[in-house]
Amino acid sequence: MKESNSLLKSLKNPTVRAAYIFILPSLILIFVFRILPIFLSIWISMVDFSISTPISSKFVGLENFREAVKDKYLWDALKNTAEYSVGTVIPGILLGLIFALIISEGWFKYSGLIRSIYFIPVILSTTIAGLIFSWLYHPSFGLLNYILSFFKIPPKAWLGDPILALPCVMIMAVWKGLGYNITIWTAGLLGIPSEYRDAARVDGCNWWKEFWYIRAPLLKPVLLFLTVLGFINSFQSFEAIYVMTGGGPIYKTRVIVYYLWQNAFQWLRFGYAAAIAWLLFLILVSLTYFQFKMYGKEEGL
Amino acid sequence: MNRKIGVVSIWHGLLYIIVISGAITMIFPLLWLLSTSFKTYDKTLHWPPELIPNPFYPRNYADVLSIPLFARAILNSAIYAIFGMLGTVFLASLAGFAFAKYEFPGKNLLFFLILSTLMIPGQVTLIPNFLILKTLGWLNTFLALIVPGLGAPFGIFLIRQFALGIPSELFDSARVDGASEFRIYWQIFLPLCIPAISTLAVLEFLGRWNDLFWPIIVTRTPEMRTVQMALTLVCRTLYDIIWNQLAAGMVLAFLPVFILFVIFQKYFVEGIALTGLKG
C-alpha cells in the first residue's frame, strides 16, 4: 500500500513520468516477444501440442524430454553440431591469432587495409557465402575440382559426400569468420602496452618467449571471449546448413537447430521442438560454465 | 650485422606472403562470384572454367532483376531492414536514455530484467513467438518481420552505456530553460549519442538485411520473401541452378551492404565486434 502510494506520488513528478514513457514501448515489446515466450515455451515443451486447439493440448509432463534423450537422430544432430563447432571455432581462433600477431607488428605496413579485406566475408550474409561455396564445390563445374585436377586428384562430390560435406561447410564458416577473430585478437594485442615487450626484449627474451610469457597470459580474457561467443554462436548455426546441404547427405550435416526447425515447421511437432530448444539452452549454459571454470582454474581463481 | 638484417627481411617477406595469400583467399570467392555474374550460361558449364568472362555478359543483371519476385524481394528486404533499424534505434535510444539519465522506482530491477533476456537463445522463444504472431494474425506480414525485433535489450544496453558518459548538466540546464523531456531527448541527447547510434544502426540494418532464419519462419507466400530467401529459391531449374543469373542476384544483394561497409567501416567493425557472429 505504502509502496504503491509512493509510486503514484512519483508518477506526479514529470521527469519520472517521462522516463516511464520512454521505456514503456521497449518494455512492452520485450515482455511480449521475449519474456512471455520463455514461459510459454516451458508450457509448450510439456504438452503434446495441438496446432488447431493449442489451449486443449494434452499435458504430458517430461515426455518430450524423455523422447529427446532417447532420440537417435537428436544425438546424431548433437554430434554433428559438436563437430561443426569444434571444427570452426578452434581453427578460426588459431588462424585469427596468427594473422593478428603478424599484422599488429610495428613493421607491418597496410595493416588497416589488410584487416578491412579480411573483414569483408564477415559482412557477407551466410546465405550468399554458402551459395558461393556451393558453386566452388560444384561436383561437375566447380572451381575446386578444377584446381585439384592439376594435382591429379579426381573430382569429388564435396557437399554430396557423407564424410566430406560437414568439413566443407566448416571451411566456409572459418573463411567467413576469420576477419572477426583477427579483429578481436588485434584489439587485444594493441591493448598491451609496448613497454612490456620492450622490457622483455631488453632482458634478452626471443620473440617466442616474449609472446608466451608476456603477452599470452594477458590475452587469456580475449581467448575466453572468443571461445565462449564462438561456441554459443556455432551451436546455434542453421543458415549455412540450410543453404548448403539441407542436413544431408543421409543426415550427416544435420545440426541441432536444423533438426529443431524440421520438427517445428516441417513436421509441426511444436512440443518436441520446444523441448529440444530447452535442451540446447542447457547445453549452451553448461558449455559456457565449463569454459569459465577452465579459465578460472588457469587463473588460479 | 648485414646478415642479421637479411634474415629479418626474409622473415618479414615470408610473413607478408602469408598474410597476402590469406587476403587473396578471402577475396577470391567474391571475385569468382563477380566473374560468374558476367558469364553466359554456357560458360558456367564450360570446362576448364574461365576467370575472365568471355564473352562479357552483363545481361544477367537485367535478367535477374526482371524476375518479379526477386525485385520484390529486394524491396521487402529494404523495408524489413530500414524500418526495423529505425524503429529499434528510436525505441532503444529512448529507453537507454531513460535508464542512464533518469531516476525512477524499479529502474534497476527493470534494467536487470531486460538484460537477463539476452541469456535466452532465440530458439527457446522461437515457437511461442511464432504462435503469438499467428494468434495476432500477423504471419506473412511486415508486422511479423519487424515488430518482434523492435524491443532490443542489447541496443538499450549499448545506448545506456554510452549515455552514462554524457554529463547530466547538459540535460538539467535545458530543463531549467523549460524544454520538454522529449525535446531534451530529441535535440540534445540524440546528437550527442551519434557514435553509439551509428554503431547500433549499422548492426540492426546488417542483421536484418542478411537475415534468413526469421523470414523463413514468419513468411509464407512468395510475395513476402526477403532477398536472402529469394536467393535460395530463384534461378533454379528442376536439376540445377542457373549460376550466372544467381551470381548476379548475389552481387546485387551484397552491393548495398558493401557500399555501407566502405562508408561506415568503423561502425561495422565496432558493432560486430561487440556482438559476435551468427551463422
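Since this is a predicted model, take the numbers as computed values, not measurements. (Residues numbered from 1 in each chain as written. Chains lettered and ligands numbered in written order. Predicted model: local features only at pLDDT ≥ 70, side-chain atom pairs only at ≥ 80, totals over all residues.)

Enquirer: Break down the overall build of chain B for me, with residues and values.
Expert: Within chain B one finds 15 helices and 0 strands. For a compact globule of 279 residues, the expected C-alpha radius of gyration is about 19 Å, and chain B comes in at 24 Å, more than 25% above that figure. Dimensions along the principal axes, computed over C-alpha positions, put chain B at roughly 75 × 75 × 35 Å. Sorting the 279 residues of chain B into buried and exposed places 43% on the buried side. Summarising the internal contacts of chain B: among those between residues at least 6 apart in sequence, 76% fall at separations of at least 24. (Helix = DSSP H or I, 4+ residues; strand = E, 2+ residues; numbered from the N terminus. Rg over C-alpha atoms; globule rule 2.2 N^0.38 Å. Buried ≥ 20, exposed ≤ 12 C-beta atoms within 10 Å, placed from the backbone. Contact = placed C-beta atoms within 7 Å.)

Enquirer: Requested: an account of the overall build of chain A, with residues and values cited.
Expert: Scanning chain A for helices and strands turns up 14 helices and 2 strands. Considering only C-alpha atoms, chain A reaches an extent of 70 × 60 × 35 Å along its principal axes. A burial count over chain A gives 41% of its 301 residues as buried. Of the contacts made within chain A by residues no fewer than 6 positions apart, 68% connect residues no fewer than 24 positions apart.

Enquirer: I'd love a proper account of the domain arrangement of chain B, names of residues and values included.
Expert: Often the size quoted for an interface is simply the accessible area lost on bringing the parts together. Taken domain by domain, chain B consists of domain 1 (2–44) and domain 2 (68–233). Averaged C-alpha coordinates put domain 1 of chain B and domain 2 of chain B at centres separated by 39 Å. (Domains from an automatic or database assignment.)

Enquirer: I'd like a rundown of helix α2 (residues 14–45) of chain A, residues and numbers included.
Expert: With 32 residues, α2(A) extends 44 Å from end C-alpha to end C-alpha; this agrees with the ideal 46 Å at 1.5 Å per step. Helix geometry: α2(A) is bent most strongly at Phe31(A), by close to 40 degrees. (Expected span 1.5 Å × (residues − 1). Bend = angle between axes of the 7 residues up to and from the residue.)

Enquirer: An account of the environment of Phe157(B) is requested, with residue identities and associated values reported.
Expert: Here Phe157(B) is to be found in helix α8 (residues 153–164). Here the alpha-carbon distance between Phe157(B) and Ala95(B), two residues 62 residues apart in the chain, equals 9.1 Å.

Enquirer: Lay out the packing of helix α8 (residues 165–190) of chain A against helix α15 (residues 265–275) of chain B with the relevant residues and their values.
Expert: Angle between the axes and distance between the axes: these two values describe a pair of packed helices. As a packed pair, α8(A) and α15(B) sit with axes 10 Å apart at the nearest point and diverge in direction by 90 degrees. When the interaxial angle is binned, α8(A) and α15(B) end up roughly perpendicular. On the side of α8(A), the interface is formed by Tyr180(A), Thr183(A), Ile184(A) and Ala187(A), while α15(B) contributes Val269(B), Ile272(B) and Ala273(B). When the residues that make up the contact of α8(A) with α15(B) are grouped by side-chain class, the tally is 6 nonpolar, 1 polar and no charged. (Axes fitted to C-alpha atoms, helices over the stretch in contact; angles between N-to-C directions. Parallel < 35°, antiparallel > 145°, perpendicular 65-115°, else oblique. Nonpolar A, V, L, I, M, F, W, Y, C, P; charged D, E, K, R; others polar.)

Enquirer: Describe unusual backbone geometry, listing the residues and the values that go with them.
Expert: The amide bond that connects Trp47(B) to the next residue, Pro48(B), takes the cis arrangement and shows omega of 0 degrees. Position of Pro48(B) among the secondary structure elements: in the loop between α2 (41–44) and α3 (59–65). Between Asn54(B) and the following residue, Pro55(B), the backbone shows a cis peptide bond with an omega angle of 0 degrees. Along the chain, the position of Pro55(B) falls in the loop between α2 and α3. With a phi angle near 35 degrees, Ile250(A) is a residue other than glycine that sits in the positive phi range. In this fold, Ile250(A) is placed in the loop between α12 (239–244) and α13 (256–266). Classification of Ile250(A) as exposed rests on a count of 10 C-beta atoms within 10 Å. Within the chain, Leu268(A) stands out as a residue other than glycine whose phi angle is a positive 55 degrees. Here Leu268(A) shows up in the loop between α13 and α14 (270–299).

Enquirer: Just give me the short version of the domain arrangement of chain A, but keep the residues and values in it.
Expert: Domain parsing of chain A yields domain 1 (2–45) and domain 2 (65–299). Placing the centre of domain 1 of chain A and that of domain 2 of chain A at their C-alpha centroids yields a distance of 38 Å.

Enquirer: How would you sum up the interface of chain B and chain A? Please name residues and give values.
Expert: Contacts between the two partners involve 72 residues from chain B and, on the opposite side, 78 residues from chain A. For the side of chain B that touches chain A, the element with the highest residue contribution is helix α1 (residues 2–37) of chain B, accounting for 13 residues.

Enquirer: So what's going on with the confidence of the model for chain B? Residues and values would help.
Expert: Residue-level pLDDT values for chain B average 92, and 97% of them are 70 or greater. Mean pLDDT across the elements of chain B ranges from a minimum in α15(B), with 84, to a maximum in helix α7 (residues 142–146) of chain B, with 97. (pLDDT = per-residue confidence, 0-100.)

Enquirer: Provide a residue-level description of the environment of Pro167(A), including the pertinent values.
Expert: Mapping Pro167(A) onto the fold places it in helix α8. Distance in space between the C-alpha atoms of Pro167(A) and Gly87(A) is 7.7 Å, their sequence separation being 80 residues.

Enquirer: Kindly report on the nonpolar core, identifying the contributing residues and their values.
Expert: Formed by 153 residues in total, the largest nonpolar core has its most connected members in Val169(A), Ile276(A), Ile159(B) and Met250(B). For Met250(B), the contacting residues outside a window of four places in its chain are Ile128(A), Leu131(A), Leu33(B) and Leu231(B). (Core = buried A, V, L, I, M, F, W, Y, C linked by C-beta atoms within 7 Å.)

Enquirer: Kindly report on α15(B), identifying the contributing residues and their values.
Expert: Residues of α15(B) that are buried: Tyr267(B), Phe268(B), Val269(B), Glu270(B), Gly271(B) and Ile272(B). Where the residues of α15(B) are buried, they touch α5 (111–123) and α8 of chain A together with α11 (194–209) and α14 (243–263) of chain B.

Enquirer: Would you mind going over the confidence of the model for chain A in detail, with residue names and values included?
Expert: A low pLDDT means the predicted coordinates there should not be read in detail. Confidence in the prediction of chain A, expressed as mean pLDDT, is 92, and 97% of residues score 70 or more. Put simply, helix α1 (residues 2–12) of chain A is where chain A has its lowest mean pLDDT, 70, and helix α4 (residues 72–103) of chain A is where it has its highest, 97.

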